Structure formats: structure tokens, C-alpha cells
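Below are the chains, spelled out letter by letter.
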Amino acid sequence: MKILFAASEAVPYAASGGLADVAGSLTKSICGRGHGCRVVLPLYGDISEEHRQSMRFVASFTVVLGWRNQYCGVFEAQRDGVWYYFLDNEYYFKRQGLYSFYDDAERFAFFSKAVLDMLEQVDFEPEIIHCNDWQTGLIPVYLNTLYRASPKLREVKTVYTIHNIQYQGQYDLEIAGDVLGLPEPAVAMLEYGGSLNLMKGGIDQCDLLTTVSPTYAKEILDPYYAHGLEGFLQTKSYKLHGILNGIDTVSYDPAADLSLLENYSLSALKGKQRSKKKLQLELGLSPDSKAPMLAMVTRLASHKGLDLVQYIFGRIMDEGVQFVLLGSGDWQLEKFFREMVAQYPGRVSVTLGFEPPLARKIYAGADLFLMPSKSEPCGLAQMIALRYGTLPVVRSTGGLADSIIDVGDDGYGYTFQSYNAEDMLGAIQRGLADYAQPKKWVGLVKKAMACDFSWEASAGEYIRLYQQIVEG
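Residues numbered from 1 in each chain as written. Predicted model: local features only at pLDDT ≥ 70, side-chain atom pairs only at ≥ 80, totals over all residues. Heavy atoms only, no water.

### Section: the overall build of the protein
Selection criterion: We count a stretch as a helix when DSSP gives it H or I for four or more residues in a row; a strand needs E for two or more, and each element gets its number in order from the N terminus. For the radius of gyration, the atoms used are the C-alpha atoms, and the globule rule reads 2.2 Å times the number of residues raised to 0.38. Partly exposed residues are those whose accessible area sits between 20% and 50% of the maximum for their type, while under 20% is buried and over 50% is exposed, using a 1.4 Å probe and protein chains only.
Within the protein, the secondary structure is distributed over 21 helices and 18 strands. Computed over its C-alpha atoms, the radius of gyration of the protein comes to 23 Å, within 12% of the 23 Å expected for a compact globule of 472 residues. Principal-axis analysis of the C-alpha atoms gives the protein an extent of 65 × 45 × 40 Å. By residue count, 60% of the 472 residues in the protein fall in the buried class.

This is the structure in C-alpha cells:
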């Protein structure tokens, strides 16, 4: 089969979250199974000169968007066996950052139309266009209303994946024609609750709908998780499937990861303890090898469970842990954690921002990894933590429920069910009790590292669904 994976970000070129990891890893696994899978994304100004040097100009054309006639250039590059297309328009994409601009609706409407126009120009005829999140929600809409007459696009099917339903691309109805260039019949496809909802359009018009874990597929039919789309999703549940994301186990390999302070493996674990000691020194923590290290690598946002951590932080520290945080977001949470560094010198480290090499050092050096999320579509951090032999403490929601089995059930992590600070503390305490038993702890670390969260199983499931819609 031939699949075009349309995404607003992909590692290693441009990344802000889990979608980038999926675009860079799932596609590689699909290609590895003998299928033709290519990726298309915007040529952002943030893409490094090093990456640009490997790109080759392919074509240029004009994209008609409402009353505008906009230039689009196409560049291509190959990486890890996958071909990438980059769509160039400096007016829309030569900026610092990927999102949160006043004209994001227009920017990604341009991108969505340009993806379809590009297929008239390049030597690749996909059977499936796999769209992702609200930024590409217009692709199935444009395809079904404007492009079905094209011989190259007449039979193309679409898959649409919801990575996080909280971000839906909602805009005023008035921009439908003038800004987005939508034909009148398409407006009804996107209208929801008195506004345009680009995610709703993708859900409505795609041939197959997926999300990033089986549990999240059930949760988004519930008002608690669906952010207003539950009613519409219930009418489309017949085409909804939940497939758990994986991770790139070649990139995330403690035996070969060049970011680590010490490399180690399942059969040679001493390097993990040395990683912890060196991380303590790097972060200004007391060099205490016996102190359990509890870590978080996260956006500082309410749905990540930081309010639970804030509520009982003193009681967590009373357990004798060292606490390490890497992330940024809500300024009040940033302020709180900065204050905790001053209150617990040598025991709390907070790094605001996101530094990928430091994140890997934390995965390797920590003992327990905390993810008390209110909602978590899939989550990759818990899988990465396991790969590095760090046991997750998670709330059982979304992909966390699908990926982490409690130690009490012969698993490799510590889970709690209700969104409650006391329950979270209880799970942390169970982890610390096991950590205090060195022989048992080594066994749990080995079990964690033996877990397989590669893309192999998930890629196979996507291929099965692709074949299902192509064959009708």
C-alpha cells in the first residue's frame, strides 16, 4: 500500500509533542513492513539549516485559498528509509514556533489544500492520506468537496487520528469562505456549537477514525473527556478505533543513547546507578545514592495532575525522596516549583523549559517516574521511563491505563484510579516501599526494561485498518 502521512510536526524536523514522535516513528515502522509511507509537513522557519541542506527542491505551484493565490514550494528529503515532503510558504511558516498565531486557521487551511495540490505535482499516488489532529482536519473536507474529480485523488481514502481532543481548532463561522476558501456545502460539515470546528470536519469526512489508545477511544465518548464533542463522536463511533502508540526503541536505548551520563543495559545495570549519581551532581542535588529519586518530565498544565502534586508536595518530600522536574507551562505552577527548590535545598531540582538531552538523563537517572494525569490520550513518557528501567507511578486513564500494569498484579508500575491526591500518594508510597528492598527492586527494574513498547504491534494494527478501507 501507499500512505501519505500528513502532520503539522514530525521528529527530527519540528516537534512540540507526541504527534511529532508518532509521525517520525510509526511511518518508519510501516515502511519497514514493505509499504510505501511518506510524510508531509510544513517547512517551518524553525527547521534547522542542517536539515535543510539534505532537502531537494521538487516543484512549485499556486494554492487557491478563497480570494488568495499563494505560492507553495515542495522540497523532499529521505531519513531512515522514509521520504518527507516539506511545503514551503514563508508568509505562513517562516516564523519562530509552530502554533499559537492569530492566523493559524488560514495557515493550516493553506497546508491542507497544498497537500492535495502537491499530489498533482509529485510522483507519488497514495491510496490513503492519514491526517492528524485539527491542523489537518480540513484535508478530508477539501478532498470530498473540491478534489474528487481529479483522477489521482478520486479513489483516495482518508484516516483521521485524534491525538488530543482538547485542541479542536475552533474559529468564527465568518472565516469559512473568505479565509478558508470553503465551499458552501462544507460549512455544515465543520459547524458545531455555533462555530467552525476543524477537528469535527475531519471526524465527519474521514473514512476511518482512530485515536491513540483503546481506553481513550472509550473516554472521548464521555462528556468528562470529550471537551464538547461527545454527542457528535457518539454518532461516528462505528468508525472509531483506539490503537496504542509506541516509541522508537532504537532512539530510546539506554545501551546506546549518547545523551546519557552512563550507558547501561538489562544485563549490565550498574550504569543506571552511576547515571543517577552523575545526575544528582549535574542538578545540584545531594549525592545520596540511597535517596529514591522521583521525577517528572511534563508540561506544567492542570490536566497533567500538577495540582495533585502541589496539594501534597510537603508530604511527598516527607517520604525522603529527591524530586526532579523538567517542564514549563502555567506560570503559577512554575512559581510554586521554583519556591520548592528554595524550601528543599539539595533535594528538589526544577528546570523550566524543555531540554531533550536532559529529559533522557532524567529518564535514566530516576527511580520512579510520576504521571498523575487527569487525562492522557496515550502518553509516551511512561513507556520511555520503562525502557530506561524507571518505574512509572500513574493514574489509570487513557493510554496510561493501557500501558501500565500494577506491580500488585504482577506488573511493572504503580497505578491509582481516582483523581485524588491521597490515592496518588499511596501509589508513590508503595513504590518507595519496594525501592527499600534492593533485591526486589532490581527484579522490578529488569521487568520494566524487558517491556516491549516498540511500534511493531501498533503498526500492524494500522496496516490492518488501512487494508480494510482500501479493500472496501
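### Details of the nonpolar core
What counts is decided by this rule: For our purposes a nonpolar core is just a set of buried Ala, Val, Leu, Ile, Met, Phe, Trp, Tyr and Cys residues, chained together by side-chain atoms within 4.5 Å. We call two residues in contact whenever any of their non-hydrogen atoms come within 4.5 Å of each other.
Formed by 97 residues in total, the largest nonpolar core has its most connected members in Phe86, Met118 and Leu180. When residues of this core are assigned to their parent elements, the largest contribution, nine residues, is made by helix 4 (residues 104–118). Ignoring anything within four residues of it in the chain, the contact list for Leu180 reads Leu65, Ala105, Glu106, Ala109, Tyr142, Ile175, Leu196 and Leu198. Judged by nonpolar contacts, the second largest core, of 76 residues, contains Met293, Tyr344, Tyr414 and Leu444.

### Some thoughts on the packing of helix 12 (residues 270–283) against helix 16 (residues 356–365)
The following threshold applies: Orientation is described by axes fitted as lines to C-alpha atoms, over the contacting stretch for helices, and by angles from 0 to 180 degrees between their N-to-C directions. Each angle gets one of four labels, with under 35 degrees taken as roughly parallel, over 145 as roughly antiparallel, 65 to 115 as roughly perpendicular, and the rest as oblique. Rotating anticlockwise by less than a right angle from the far helix to the near helix defines a left-handed crossing, while the corresponding clockwise rotation defines a right-handed one. Here the nonpolar group is Ala, Val, Leu, Ile, Met, Phe, Trp, Tyr, Cys and Pro; Asp, Glu, Lys and Arg are the charged ones; every other residue, Gly included, is treated as polar.
Put simply, helix 12 and helix 16 touch, their axes get as near as 8 Å, and they point 130 degrees apart. On the basis of their axis angle, the class for helix 12 and helix 16 is oblique. For the pair helix 12 and helix 16, the crossing hand works out as left-handed. Contacts from Lys272, Ser275, Lys276, Leu279, Glu282 and Leu283 in helix 12 reach Leu358, Lys361, Ile362, Tyr363, Ala364 and Gly365 in helix 16. For the contact of helix 12 with helix 16, the per-class residue count stands at six nonpolar, two polar and four charged.

### Brief notes about the packing of aromatic side chains
What counts here: Each Phe, Tyr or Trp ring (for Trp, its six-membered ring) is paired with any other whose centre lies within 6.5 Å, and the angle between the two planes then decides the class: stacked below 30 degrees, edge-to-face above 60, tilted in between. Only Lys NZ and Arg CZ are tested; either one counts as a charge over a ring when it is within 6 Å of the ring centre and within 35 degrees of the ring normal.
The tally for this structure, following the rule as stated, stands at 25 aromatic pairs. Both rings, one in Tyr462 and one in Tyr466, keep their centres 6.2 Å apart while their planes meet at 35 degrees; by these two values the pair is tilted. In this pair, Tyr462 and Tyr466 both sit in helix 21 (residues 456–470), four residues apart, roughly one turn of the helix. Of the residues examined, Tyr462 reaches a relative accessible area of 2% and is grouped as buried. The ring centre of Phe101 lies 5.0 Å from the NZ or CZ of Arg95, which sits over that ring. The lysine or arginine in question, Lys113, covers the ring of Tyr142, its NZ or CZ lying 5.8 Å from the ring centre.

### Overview of the sheet that holds strand 15 (residues 348–352)
For the record, the criterion: What makes two strands pair is DSSP finding at least two bridges between them.
Strand order in this open sheet of six strands is 15-14-13-16-17-18, and the pairing throughout is parallel. Looking along the sheet, the strands with just one partner apiece sit at the ends: strand 15 and strand 18 (414–416). Between one strand and the next, the sheet's axes are offset by a mean angle of 15 degrees, whatever the strand orientation. Those strands touched by helix 12 are strand 13 (293–297), strand 14 (322–327) and strand 15, and its axis lies near 65 degrees from that of strand 13. Along the sheet face, helix 15 (residues 331–343) touches strand 14 and strand 15 and points at about 145 degrees away from the line of strand 15.

### Thoughts on the sheet that holds strand 10 (residues 195–197)
Strand order in the open sheet made by the three strands is 8-10-9, with antiparallel pairing throughout. A strand with exactly one partner marks an edge of an open sheet, and here the two such strands are strand 8 (170–171) and strand 9 (191–192). Direction of pairing for strand 9 relative to strand 10: antiparallel, over a ladder of two bridges. Bridging across to strand 10, Glu191 finds its partner in Leu196. Contacts between helix 8 (residues 198–205) and the sheet are confined to strand 8, strand 9 and strand 10, with strand 10 contributing the most and set at about 55 degrees to the helix.

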